[in-house]
Amino acid sequence: QKIHAENKVYKVGTDLTFAPFEFQNDSGEYIGIDIDLLNTIAKKQNFTVDLKPLGFNSSVQAVQSGQVNAMIAGMSVTEERKKSFDFSNPYFIGGISMAVHGDNTEIKSYDDLKGKVVAVKTGTVSANYVDKIKDKYGFTVKSYDSADALYDVINVGGADAIFDDYPIIDYSITKGKSLKRVGDIQERCDYAFAVKKGTNQELVKMFNEGLKELKQTKEYDGIIAKYTSNSS
Ligand code: GLN
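Given the structure is predicted, the values throughout are model-derived calculations rather than measurements.

Trainee: I'm lost on the site of the ligand in this one. Help?
Mentor: If you check the shell around the ligand, you find 13 residues, and the closest are G74, S76, R81, V125 and D165. Residue K121 places a side-chain N or O atom 2.8 Å away from an oxygen atom belonging to the ligand. Its free accessible area being 300 Å², the ligand has 100% of it covered by the protein chains. When grouped by side-chain class, the residues that make up the shell around the ligand number six nonpolar, three polar and four charged. Residue-level mapping places the shell around the ligand at the junction of two domains, with at least three residues from each of domain 1 (9–91 + 192–228) and domain 2 (95–188).

Take a look at the structure:
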């Protein structure tokens, strides 16, 4: 069922690099689970997406300041965020994990983080989580705005461990990054499309309606499989 007939343009913030959810192909076009879901839904519901790859934290701020209408960025639905965002129905279940360099034999659990440096991306669930446990395990935290910087720092020895969403860690491992996950997945939660609380309600309705249709037609499964079939 189409919610709205007129073809309206919506600015949608997304992350810079958060593969397999959003990343650039060789021609510089944005692809990934989030992008394909959003574009397919937009086609079915007859709206146009003006994608703004701002980065995660910048997207959060751009939604709140009204610079963009919505965001899709592997964004976890949390109670805290529900105070300032309205979320669509969930389209994925994520969670976070610690990872260390593939050659690291020293860090086998959180207990080995004493005196170490842990890196995270600003404004994420991971950043929140390490903040909660840093005193208990005695490590210090470095924050980066982009995933590129976060994943580089572990290669150049600028940090001993990172925390990020586990599908992103797994994807980068399948793409040849020397990384390994350590410990259990924490903070499992839904990913959803988000708007500033109380605004763009029609857009959320269209997203939900489109998502429902993609699940019925199995196009949803096709998109997920396309980007995750090689990962563990
Ligand atoms: N799922 C995490 C969060 O919402 C990370 C999202 C991201 O880095 N794009 O905080």
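On we go from here.
Trainee: I tried to follow the sheet that holds strand β11 (residues 179–191) on my own but got confused; where do I start?
Mentor: In a beta sheet, neighbouring strands are held together by backbone hydrogen bonds and run either parallel or antiparallel to one another. Spatially, five strands are ordered β9-β8-β10-β7-β11 in an open sheet, and the strand pairing comes out mixed. Bordering the open sheet on either side are β9 (140–144) and β11, each of which pairs with just one other strand. Adjacent strand axes in the sheet meet at a mean angle of 25°, parallel and antiparallel pairs treated alike. Across two bridges, the pairing between strand β8 (residues 117–121) and strand β10 (residues 161–165) is parallel. Following the sheet pairing, A119 is matched in β10 by I162. Lying on the sheet, helix α4 (residues 125–137) is in contact with β7 (92–101), β8, β9, β10 and β11; it crosses β10 at an angle near 135°.

Trainee: Would you mind showing me how to read the packing of aromatic side chains here?
Mentor: The geometry of an aromatic ring pair comes down to the distance between the two centres and the angle between the two planes. Enumeration over the complete set of coordinates arrives at 14 aromatic pairs. Note on F85 and F87: the rings are 6.0 Å apart at their centroids and 35° apart in plane angle, and the pair reads as tilted. Assessed through its relative accessible area of 3%, F85 is described here as buried. Among the aromatic side chains, those forming a connected cluster through ring pairs are F18, F21, Y91, F92, Y191, F193 and F207. The ring of Y220 has K215 lying over it, and the distance from NZ or CZ to the ring centre is 5.0 Å.

Basis of the calculations
Within any chain, residue numbers begin from 1 and follow the written order of that chain's sequence. Only residues with pLDDT of at least 70 are given local features in this predicted model, and only at 80 or more are side-chain atom pairs given and counted; all residues enter the totals for whole chains, interfaces and linings. Excluded from the side-chain calculation are hydrogens and water; included are all heavy atoms of the structure. Any residue with a heavy atom positioned within 4 Å of a molecule or strand is treated as near that molecule or strand. The definition of a polar contact used here is a pair of N or O atoms within 3.5 Å, where within protein one atom must be able to donate a hydrogen and the other to accept one, and adjacent residues in sequence count solely through side-chain atom pairs. All accessible areas in this document rest on Shrake-Rupley with a 1.4 Å probe, and a residue is counted as covered only by the protein chains that are shown. The classification used treats Ala, Val, Leu, Ile, Met, Phe, Trp, Tyr, Cys and Pro as nonpolar, Asp, Glu, Lys and Arg as charged, and all other residues, Gly among them, as polar. Domain boundaries shown here were taken from an automatic or database domain assignment. Paired strands are those between which DSSP finds at least two bridges. In this text, helices come from DSSP runs of H or I with a minimum length of four residues, and strands from runs of E with a minimum of two, each type numbered from the N-terminal end. The angle between two axes is taken between their N-to-C directions and runs from 0 to 180 degrees, where each axis is a line fitted to C-alpha atoms and a helix contributes only its stretch in contact. Only heavy atoms enter the contact rule, under which two residues are in contact if any of them lie within 4.5 Å. Ring pairs are drawn from Phe, Tyr and Trp, using the six-membered ring of Trp, whenever the two centres fall within 6.5 Å, and their geometry is named by plane angle: stacked under 30 degrees, edge-to-face over 60, tilted for the rest. Any residue under 20% of the maximum accessible area for its type is buried, any over 50% is exposed, and the rest in between are partly exposed; the area is computed with a 1.4 Å probe on protein chains only. Think of it as a cone above the ring: NZ of Lys or CZ of Arg counts as a charge over the ring if it is within 6 Å of the ring centre and within 35 degrees of the ring normal.

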